[in-house]
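# Observations on the three-dimensional arrangement
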Amino acid sequence: MEAVPRNPVETELTVTSPEQMRELGLKLAKLLRAGDLVMLSGELGAGKTTLTRGLGEGLGVRGAVTSPTFVIARVHPSLGDGPPLVHVDAYRLGGGLDEMEDLDLDVSLPDSVIVVEWGEGKVEELTDDRLQVWIHRAVGDTTDEVRHVTLTPVGERWAAADLSVLTA
């Protein structure tokens, strides 16, 4: 992975394979703690679930991390003393936080790490603190595995986070 400085609050990485995306998730998991919200954005096939698979592995949670598209949310309990991972796919949800109330994310957040794919405009009200991750890839008929990942910390929780450890 290669880091490209963008501005003081963003970290930009280039990932060249699904394995590197999973490894990014492993590294990011070391920075996460209960109460964290991570929002993932990107085209279909960009690597959001692959990144989340690495997060789950790094957090030491139970169960295979797969796309929760059809069930909307999956809870992966911790196998140790860490927080559970709540993996949400908000793609099929149209409204804002009101439509997501049935998921009880506000109840789960203090004790869990919540990762939301396609959450823009839907879950920002959960907390003032979140890590926004954008995954950009070439679109169209391509076998290009290169992804450009931009991590943007939002709020006090992430203001002092050292995201440079993700490039090591």
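Above this text is the structure in question.
Heads up: these notes are all about the structure in this document.

Cut-offs applied
Residues numbered from 1 in each chain as written. Predicted model: local features only at pLDDT ≥ 70, side-chain atom pairs only at ≥ 80, totals over all residues. Heavy atoms only, no water. Helix = DSSP H or I, 4+ residues; strand = E, 2+ residues; numbered from the N terminus. Buried < 20%, exposed > 50% of the residue type's maximum accessible area, 1.4 Å probe, protein only. Areas by Shrake-Rupley, 256 points an atom, 1.4 Å probe, with all protein chains shown as cover. Pairing = 2+ DSSP bridges. Phe/Tyr/Trp six-rings, centres within 6.5 Å; stacked < 30°, edge-to-face > 60°. Lys NZ or Arg CZ within 6 Å of the ring centre and 35° of its normal. Polar contact = N/O pair within 3.5 Å; in protein donor to acceptor, adjacent residues only side chain to side chain. Salt bridge = Lys/Arg side-chain N within 4 Å of Asp/Glu carboxyl O. Axes fitted to C-alpha atoms, helices over the stretch in contact; angles between N-to-C directions. Parallel < 35°, antiparallel > 145°, perpendicular 65-115°, else oblique. Left-handed = near helix turned anticlockwise from the far one by under 90°. Contact = heavy atoms within 4.5 Å.

### A few points about the overall build of the chain
On a plain count of helices and strands, the chain comes out with five helices and eight strands. Written out in order from the N terminus, the α and β elements of the chain read β-β-α-β-α-β-β-α-α-β-β-β-α. The 168 residues of the chain split such that 45% are buried. Of the roughly 8300 Å² of accessible surface on the chain, 50% is carried by carbon and sulfur atoms.

### Observations regarding the pairing of strand S3 (residues 37–42)
The buried fraction of S3 is high, at six of six residues. Burial along S3 is two-sided: the face carrying Leu37, Met39 and Ser41 and the face carrying Val38, Leu40 and Gly42 are both buried. When S3 meets strand S6 (residues 113–117), the two strands line up parallel, connected through four bridges. For Val38, the partnering residue across the bridge sits in S6 and is Val115. Sheet analysis places S3 next to strand S7 (residues 130–137), joined by five bridges and oriented parallel.

### Considering the packing of aromatic side chains
Geometry of an aromatic ring pair is reported as the spacing of the ring centres plus the angle between the planes. Using the criterion set out here, one finds zero aromatic pairs in the structure. Positioned above the aromatic ring of Trp158 is the side chain of Arg157, whose terminal nitrogen or guanidinium carbon lies 4.1 Å from the ring centre.

### What about the side chain of Thr14?
Mapped onto the fold, Thr14 is located in strand S2 (residues 10–15). Side chain to side chain, Thr14 and His148 meet in a polar contact 3.4 Å long.

### Details of the pattern of salt bridges
Across all of its chains, the model carries three salt bridges by this definition. For the salt bridge of Arg22 with Glu19, the shortest nitrogen-to-oxygen distance reads 2.5 Å. Here Arg22 and its partner Glu19 are both found in helix H1 (residues 18–29), three residues apart, which amounts to about one turn of the helix. The residue Asp36 makes a salt bridge to Arg157 at a minimum N-O spacing of 2.8 Å. With a gap of 121 residues between them, Asp36 in the loop between H1 and S3 and Arg157 in helix H5 (residues 156–159) connect regions that are remote in the sequence. One exposure class covers both Asp36 and Arg157, and it is buried. Three or more residues are tied together by salt bridges with common partners; here these are Glu19, Arg22 and Glu57.

### A closer look at the packing of H1 against helix H2 (residues 48–59)
A pair of packed helices is characterised by two quantities: the angle between their axes and the separation of those axes. Where H1 contacts H2, the axes come no closer than 7 Å and their chain directions differ by 40 degrees. In terms of orientation, H1 and H2 fall into the oblique class. Note that H1 runs across H2; the crossing there is right-handed. For the pair H1 and H2, the contacting residues are Pro18, Met21, Arg22, Leu24, Gly25, Leu26, Leu28 and Ala29 in the first and Thr50, Leu51, Gly54, Leu55, Glu57, Gly58 and Leu59 in the second.

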